[in-house]
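# Summary of structural features
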Amino acid sequence: MMQVAMQHRLCVMLAFQAIITNGKKTDAPGVETRVIELAKHMNEFCNRHVREAFPIGTINLVDDKGAAKIDEAIDQYIQELRTKEQTHLPEDRETLIQLYDRLQQRRSRRMQWEFYATAKEDKLSYLIIKYLDEEIEDLGGVARQ
C-alpha cells in the first residue's frame, strides 16, 4: 500500500513540475485540477508499462516442489477461459486447494514484483526478521523484543 501512495505522490510531483515548466503559475485557476489529472494519467501509464521495464521473470523466486505441474494446469485453464470462455475444473478437494493455493501465490508475486525488483538488502533483512518473529508467535512461542 505504501508503494502505491509513493508512486501516486511521485506522479503528482512530476505533473506539478510539468505544469510549471510549461509556464503555468501555481496559483492560476484550475492548476490543481490539471496537476491531479496529469498525475492520474502518469500513474495509469506507469501501471500499464512498468512491467516492460521490470519483467517479473527477471527475479528468481523460490519454486515449490510440484508447482510447475500445477502451473501447467493453471495455464491450460487460463487458455480455455480465454478461447472458450469456460473451463472444467477438477472436482476433488485436494486438487482444488492446490490450484487455489498456487493462484494465491502467483497473485501475491505479481503484486510484489516491483518490491522484489527494487528492495534493498537491509529492507529485506528487516522484513525477514519481522516475519520470522511472527512465525514464532503464530507457533505459540514468544518473539524477540
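Preceding this paragraph is the structure being described.
Rules behind the numbers
- Here, residues in each chain are numbered from 1, in the same order as that chain's written sequence.
- Given that the model is predicted, a residue must reach a pLDDT of at least 70 before its local features are reported, and side-chain atom pairs must reach 80 or more before they are shown or counted; all residues, however, enter totals for whole chains, interfaces and linings.
- To obtain the side-chain values, all non-hydrogen atoms of the structure were included, while hydrogens and water were left out.
- Nonpolar core, defined: a set of buried Ala, Val, Leu, Ile, Met, Phe, Trp, Tyr and Cys residues in which side-chain atoms within 4.5 Å join the residues together.
- Buried residues are those whose accessible area, probed at 1.4 Å on protein chains only, stays under 20% of the maximum for their type, while exposed residues exceed 50% and partly exposed ones sit between those limits.
- Each helix is a run of DSSP H or I of at least 4 residues and each strand a run of E of at least 2, with the numbering of both proceeding from the N terminus.
- Throughout, a contact is declared for two residues whenever any of their heavy atoms are within 4.5 Å.
- Given the number of residues in a helix, its expected span is that number minus one, multiplied by 1.5 Å.
- Across the chain, bend at a residue is computed as the angle between axes fitted to the seven residues ending at that point and the seven starting from it.
- Whenever Lys or Arg places a side-chain nitrogen within 4 Å of a carboxyl oxygen from Asp or Glu, that contact is recorded as a salt bridge.
- Stacked, tilted and edge-to-face pairs are distinguished by plane angle, under 30 degrees for stacked and over 60 for edge-to-face with tilted covering the rest, among Phe, Tyr and Trp rings (Trp via its six-membered ring) whose centres lie within 6.5 Å.
- Interaxial angle, 0 to 180 degrees, is taken between N-to-C directions of lines fitted to C-alpha atoms, where a helix line uses only the stretch in contact.
- If an angle is under 35 degrees, it is roughly parallel; if it is over 145, roughly antiparallel; if it lies from 65 to 115, roughly perpendicular; otherwise it is oblique.
- Residue classes follow a fixed rule: Ala, Val, Leu, Ile, Met, Phe, Trp, Tyr, Cys and Pro count as nonpolar, while Asp, Glu, Lys and Arg count as charged, and any other residue, Gly among them, counts as polar.

### With respect to the nonpolar core
Listed in full, the six residues of the largest apolar core are Cys-11, Ala-15, Ile-19, Val-31, Val-35 and Ala-39. Those elements that provide at least two residues to this core are α1 (2-21) and α2 (31-53). Residues contacting Cys-11, with those up to four places away along its chain left out, are Ala-39, Met-42 and Asn-43.

### Focus on helix α4 (residues 93-118)
With 26 residues, α4 ought to run about 38 Å at 1.5 Å a step, and its terminal C-alpha atoms sit 38 Å apart, in line with that. Of all the bends found along α4, the most pronounced is centred on Gln-112 and spans about 55°. By the burial criterion, the buried members of α4 are Leu-99, Arg-102, Arg-106, Arg-109, Trp-113 and Phe-115.

### Focus: the environment of Val-31
Structurally, Val-31 can be placed in helix α2. Given the relative accessible area of 2%, Val-31 is considered buried. Spatially, the C-alpha atom of Val-31 lies 9.2 Å from that of Ile-20, the residues being 11 residues apart in sequence. Setting aside residues no more than four positions away along its own chain, Val-31 makes contact with Ile-19, Lys-25 and Thr-26.

### Observations concerning the pattern of salt bridges
Evaluated as defined, the whole model comprises five salt bridges. Asp-71 is the salt-bridge partner of Arg-102, the closest N and O atoms lying 2.8 Å from each other. Of this pair, Arg-102 sits in helix α4 while Asp-71 is found in helix α3 (residues 67-84), placing the two residues 31 residues apart along the sequence. Residue Asp-71 is classed as buried on the basis of its relative accessible area of 16%. Here Arg-106 makes a salt bridge to Asp-71, at a shortest N to O gap of 3.0 Å. Taken as a pair, Arg-106 in helix α4 and Asp-71 in helix α3 lie far apart in primary sequence, 35 residues in all. In terms of burial, Arg-106 and Asp-71 fall into one category: buried.

### Focus on the packing of aromatic side chains
Applying the stated criterion across every chain yields a total of one aromatic pair. Ring geometry for Phe-115 versus Tyr-116: centroids 6.3 Å apart, planes at 55°, classification tilted. Among the residues examined, Phe-115 registers a relative accessible area of 14% and is labelled buried.

### Some remarks on the packing of α3 against α4
Close contact between α3 and α4 brings their axes to 10 Å; oriented N to C, the two are set at 90°. Here α4 runs roughly perpendicular to α3, going by the angle between their axes. On α4, the residues touching Ala-67, Ile-70, Asp-71, Ala-73, Ile-74, Asp-75, Tyr-77 and Ile-78 of α3 are Gln-98, Leu-99, Arg-102, Leu-103 and Arg-106. Its residues assigned to classes, the contact of α3 with α4 shows eight nonpolar, one polar and four charged.

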